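Understanding the architecture of this molecule
What follows is the residue order along each chain.
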Amino acid sequence: MSSTDGRKSEWEHQPCAYAALGDRTRRAYRAPHAFGQRPVSFTLPDHTTQIQAGLYGSGQRAVILAHGGRFDKNSWSKQARTLANAGFMVLAIQYRGDSVFTDGTPNAAGSYEDNATDVLAAVAYCHRIGAKTVSAIGGSLGGNAVGDADVRSKPGELDRIVILASTG
């Protein structure tokens, strides 16, 4: 089986991995832009502050991706597509305090507390749109946000966390 343009996808070059995907996932993977980023936003508990995010894939198992300090939600795009291809709903978040340096590079300037609250708002959003389980992955500064969010979460809100290169 090949993609809609006749070329083999990366999965089809690995027959065992490709065969392990379900029929529905294989069909969706071959569809153009099947797991591309869909921009979404959701409100924090204060009902005024909006968090911007990229939503990939769909399903009842969600993964939140929290970026590091010199990155933004788009830095997770390759990982987000890979997780979406594996059947996960993926939400890559932009913290409310994110900005851009004068040279155009991203800067996560929000407080640790705000970043953790943003992760918790993302968890609530995933549950609202149908996720039965929500896990979170954070890199560097994002690891701090995920760790702090896990400590502050209620039982059952976060299923699992992964913290990468973080002191949190």
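Placed above this text is the structure.
Quick summary incoming for the structure in this document. Each chain has its residues counted from 1, running along the sequence as written. The predicted origin of the model limits local features to residues at a pLDDT of at least 70 and limits the giving and counting of side-chain atom pairs to 80 or more, whereas totals for whole chains, interfaces and linings rest on all residues. Heavy atoms from the whole structure form the basis of all side-chain values; hydrogens and water molecules are not counted.

**Observations regarding the packing of helix 4 (residues 112–128) against helix 5 (residues 141–152)**
The cut-off we apply is this: Inter-axis angles, ranging from 0 to 180 degrees, are taken between N-to-C directions of lines fitted to C-alpha atoms, where helices are fitted over the stretch in contact. Helix numbers and strand numbers start at the N terminus; a helix is a DSSP run of H or I with at least 4 residues, a strand a run of E with at least 2. Should an angle fall under 35 degrees it is called roughly parallel, over 145 degrees roughly antiparallel, and 65 to 115 degrees roughly perpendicular, with every other angle called oblique. Should the near helix be turned counterclockwise from the far one by less than a right angle, the crossing is left-handed, whereas a clockwise turn marks it as right-handed. Contacts: residue pairs with any heavy atoms within 4.5 Å of one another.
The interhelical angle for the contact between helix 4 and helix 5, taken along N-to-C directions, is 70°, at an axis separation of 8 Å. Between helix 4 and helix 5, the angle is such that the two are roughly perpendicular. Every pair of crossing elements has a handedness; the one defined by helix 4 and helix 5 is right-handed. Packed against helix 4, whose contacting residues are Y112, E113, N115, A116, T117, V119 and L120, the element helix 5 presents L141, N144, A145, V146, D148, A149 and R152 at the interface.

**Quick word on helix 3 (residues 77–85)**
Counted only if it meets this: Using a 1.4 Å probe on the protein chains alone, a residue whose accessible area is under 20% of its type maximum counts as buried, one over 50% counts as exposed, and one in between counts as partly exposed. In this description, one arc is meant: the one made by directions from the helix axis to the C-beta atoms.
Along helix 3, the positions that sit buried rather than exposed are A80, A84 and N85. Seen from one end, helix 3 has its buried residues packed into an arc of 135°, which puts them on one side. G87 sits one or two residues past helix 3 and shows a positive phi near 100°.

**Overview of the nonpolar core**
This is how the line gets drawn: We define the nonpolar core as a collection of buried residues of types Ala, Val, Leu, Ile, Met, Phe, Trp, Tyr and Cys that are connected through side-chain atoms lying within 4.5 Å of one another.
Grouped together as the largest cluster of nonpolar side chains are 30 residues, with contacts concentrated most on F42, I64, L91, I93, C126 and V134. Looking at this core, the elements with two or more residues in it are strand 1 (38–43), strand 2 (50–56), strand 3 (61–66), strand 4 (89–93), helix 4, strand 7 (133–139) and helix 5. Examining the composition of this core, we find that eight residues originate from one element, helix 4, more than from any other.

**Topic: the side chain of S135**
With respect to the secondary-structure elements, S135 resides in strand 7. The contact partners of S135, leaving out residues within four places of it in the chain, are A62, V63, I64, L158, D159 and R160.

**Focus: the sheet that holds strand 2**
Our working definition: Here, a strand pair is defined by DSSP locating no fewer than two bridges between the strands.
The mixed open sheet is built from six strands, whose spatial order is 1-2-4-3-7-8. Edge positions in the sheet fall to strand 1 and strand 8 (160–164), since each of these pairs with one other strand and no more. Across the sheet, the axes of successive neighbouring strands diverge by a mean angle of 25°, strand direction being ignored. As paired elements, strand 1 and strand 2 share six bridges and run antiparallel to each other.

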